[in-house]
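# Descriptive structure summary
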Amino acid sequence: EPEVTQTPSHQVTQMGQEVILRCVPISNHLYFYWYRQILGQKVEFLVSFYNNEISEKSEIFDDQFSVERPDGSNFTLKIRSTKLEDSAMYFCASLTVNTEAFFGQGTRLTVV
Amino acid sequence: EDQVTQSPEALRLQEGESSSLNCSYTVSGLRGLFWYRQDPGKGPEFLFTLYSAGEEKEKERLKATLTKKESFLHITAPKPEDSATYLCAVQAHRGGYQKVTFGTGTKLQVIP
């Protein structure tokens, strides 16, 4: 069964450092998403990506965040200068028009 | 603005005690409504997609229904292993891309 793969599963970083979270979406999917979930809270939308550009982003997705699909398979989320409040689970998802959104197992980011 | 509201926020049931979770939505251009199950520390796991009012889907003890304004997830004779957070999400057309918006979830606890 196809799946979305995220790496690493857990990332610990010092405040102010850059992190890159990686996702391999399902190969024939066209739409890609990043969501964040702070421990015990709801799933929050960060950004959607289609046709090699951002189609929508939330207020959370400020200038410290960026996304790329550098090689047609990986989909990355970069946080340039991490803050303590960036600590959360980050989920990648992909879908195509006639499917539900498939989610990865998430990357737990801990900023210390 | 798309809105997805789930109720109750938390639900505690005795094993075998049937109940329903609610997801009400306000969205234009609805493409589909998804139900996911999320276990602690894991990514959302797909349960059902509903596309049109009147549609119903069933899987083991779960049954999802859809009207023009809301969806219900009925749980019949639940077991402790059904304990999880249940997430509702809506997918909508937005200028050529697909937007997926999540509700806040219902945390279900089934007591033996």
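About the cut-offs
- Here the residue numbering is sequential within each chain, running from 1 through the sequence in written order.
- As they are written, the chains are lettered A onward and the ligands numbered 1 onward, keeping that order.
- Local features in this predicted model are restricted to residues whose pLDDT is 70 or higher, and side-chain atom pairs enter the listing and the counts only when it is 80 or higher, whereas totals over whole chains, interfaces and linings include all residues.
- To get the side-chain values, all heavy atoms of the structure are used, and hydrogens and water are removed first.
- Secondary structure elements follow DSSP: runs of H or I no shorter than four residues count as helices, runs of E no shorter than two count as strands, and numbering proceeds from the N terminus.
- Exposure is judged per residue with a 1.4 Å probe applied to protein chains only, and the accessible area is read against the type maximum: over 50% gives exposed, under 20% gives buried, and values in between give partly exposed.
- Only heavy atoms enter the contact rule, under which two residues are in contact if any of them lie within 4.5 Å.
- The Shrake-Rupley method, run with a 1.4 Å probe, gives the accessible areas here. Residue values count only the displayed protein chains as cover.
- For the purpose of counting charges, residues Lys and Arg are taken to be positive, whereas Asp and Glu are taken to be negative. His and the chain ends are not included.
- Working definition for charges: the position is that of NZ of Lys, CZ of Arg, CG of Asp or CD of Glu.
- In this setup the radius of gyration rests on C-alpha atoms only. A globule is expected at 2.2 Å times the number of residues raised to 0.38.
- By convention in this document, the label disulfide applies to cysteine sulfur atom pairs within 2.5 Å.
- Working definition: a ring pair exists when centres of Phe, Tyr or Trp rings (six-membered ring for Trp) sit within 6.5 Å. Plane angles under 30 degrees give stacked, over 60 give edge-to-face, the rest tilted.
- The score called pLDDT rates the predictor's confidence residue by residue, from a low of 0 to a high of 100.
- By definition, the buried area sums, over both parts, the 1.4 Å-probe accessible area that each loses when the two are put together.
- Just to be clear on terms, a salt bridge is a Lys or Arg side-chain nitrogen sitting within 4 Å of an Asp or Glu carboxyl oxygen.
- Each polar contact in these results corresponds to two N or O atoms within 3.5 Å; when the atoms are within protein, one needs to be able to donate a hydrogen and the other to accept it, and residues that are neighboring in sequence are counted only if both atoms are side-chain atoms.
- Pairs of strands are assigned from DSSP output, requiring at least two bridges between the strands.

### Observations regarding the overall build of chain A
Of regular secondary structure, chain A possesses 0 helices and 11 strands. Helices (α) and strands (β) of chain A occur, in sequence order from the N terminus, as β-β-β-β-β-β-β-β-β-β-β. Its C-alpha atoms give chain A principal-axis dimensions of roughly 40 × 25 × 25 Å. Put simply, chain A has 112 residues, and 46% of those count as buried. In chain A, once contacts between residues fewer than 6 apart in sequence are set aside, the share between residues at least 24 apart is 53%. About 5600 Å² of surface is accessible on chain A, with carbon and sulfur atoms providing 45% of the total. If you average the places of the 9 positive and of the 14 negative side-chain charges in chain A, the two averages end up 4 Å apart.

### Topic: the overall build of chain B
The secondary structure content of chain B amounts to 0 helices and 11 strands. Taken from N to C terminus, the helices and strands of chain B fall in the order β-β-β-β-β-β-β-β-β-β-β. Taken over the C-alpha trace, chain B has a radius of gyration of 14 Å; the compact-globule value for 112 residues is 13 Å, and the two agree within 12%. Considering only C-alpha atoms, chain B reaches an extent of 50 × 30 × 20 Å along its principal axes. A burial count over chain B gives 48% of its 112 residues as buried. Sequence separation of at least 24 residues holds for 56% of the intrachain contacts in chain B that already meet a minimum separation of 6. As presented, chain B carries roughly 5400 Å² of accessible surface, and 47% of it is formed by carbon and sulfur atoms. Here chain B carries 14 positive and 14 negative side-chain charges, and the mean point of each set is 4 Å from the other.

### A short note on the state of the cysteines
All names here are of chain B. A full pass over the atoms with the stated rule returns 2 disulfides over all chains. The disulfide partner of Cys-23 is Cys-88, and the S-S distance across this bridge is 1.9 Å. Handedness of the Cys-23-Cys-88 disulfide follows from its S-S torsion of about -55 degrees: it is left-handed. In this pair, Cys-23 is assigned in strand β3 (residues 19-26) and Cys-88 in strand β9 (residues 84-94), connecting sequence segments 65 residues apart. Comparing Cys-23 with Cys-88, the two get one shared label, buried.

### So, the packing of aromatic side chains
Under the defined criterion, the tally for this structure stands at 14 aromatic pairs over all chains. Centroid distance Tyr-35 of chain A to Phe-45 of chain A: 5.8 Å. Interplanar angle 65 degrees. Geometry classified as edge-to-face. Of this pair, Tyr-35 of chain A sits in strand β4 (residues 31-37) while Phe-45 of chain A sits in strand β5 (residues 43-50); the two residues are 10 residues apart in sequence, bridging distant segments of the chain. Among the residues examined, Tyr-35 of chain A registers a relative accessible area of 1% and is labelled buried. Relative to Tyr-36 of chain B, the ring of Phe-103 of chain A lies with its centre 5.3 Å away and its plane at 85 degrees, an arrangement referred to as edge-to-face.

### Things to note about the confidence of the model for chain B
Low-pLDDT stretches of the model should not have their predicted coordinates read in fine detail. For chain B, per-residue confidence averages 93 on the pLDDT scale, and residues scoring 70 or more make up 100% of the total. At the low end of the mean pLDDT range in chain B sits strand β10 (residues 97-102) of chain B, at 84; at the high end sits strand β8 (residues 70-75) of chain B, at 98.

### Re the interface of chain A and chain B
Of the residues lining the interface, 22 residues belong to chain A; the matching set on chain B comes to 20 residues. Together, the buried faces of chain A and chain B total about 1800 Å²; carbon and sulfur atoms form 54% of this surface. Where chain A packs against chain B, one counts 1 salt bridge. Across the salt bridge formed by Lys-99 of chain B and Glu-56 of chain A, the nearest N and O atoms sit 3.0 Å from each other. Here chain A is connected to chain B by 6 residue pairs in polar contact (both at pLDDT 80 or more). Elements with a minimum of two residues in the side of chain A that touches chain B: β4, β5, β6 (53-57) and β9 (88-95) of chain A. The dominant element in the side of chain A that touches chain B, judged by the number of residues it contributes, is β4 of chain A, at 4 residues.

### Some thoughts on the pairing of strand β3 (residues 19-24) of chain A
All names here are of chain A. The alternating pattern of β3 places Val-19, Leu-21 and Cys-23 on a buried face, while none of Ile-20, Arg-22 and Val-24, on the opposite face, is buried. Bridge count between β3 and strand β8 (residues 75-79): 5 bridges; the pairing is antiparallel. The partner of Leu-21 across the bridge, within β8, is Leu-77.

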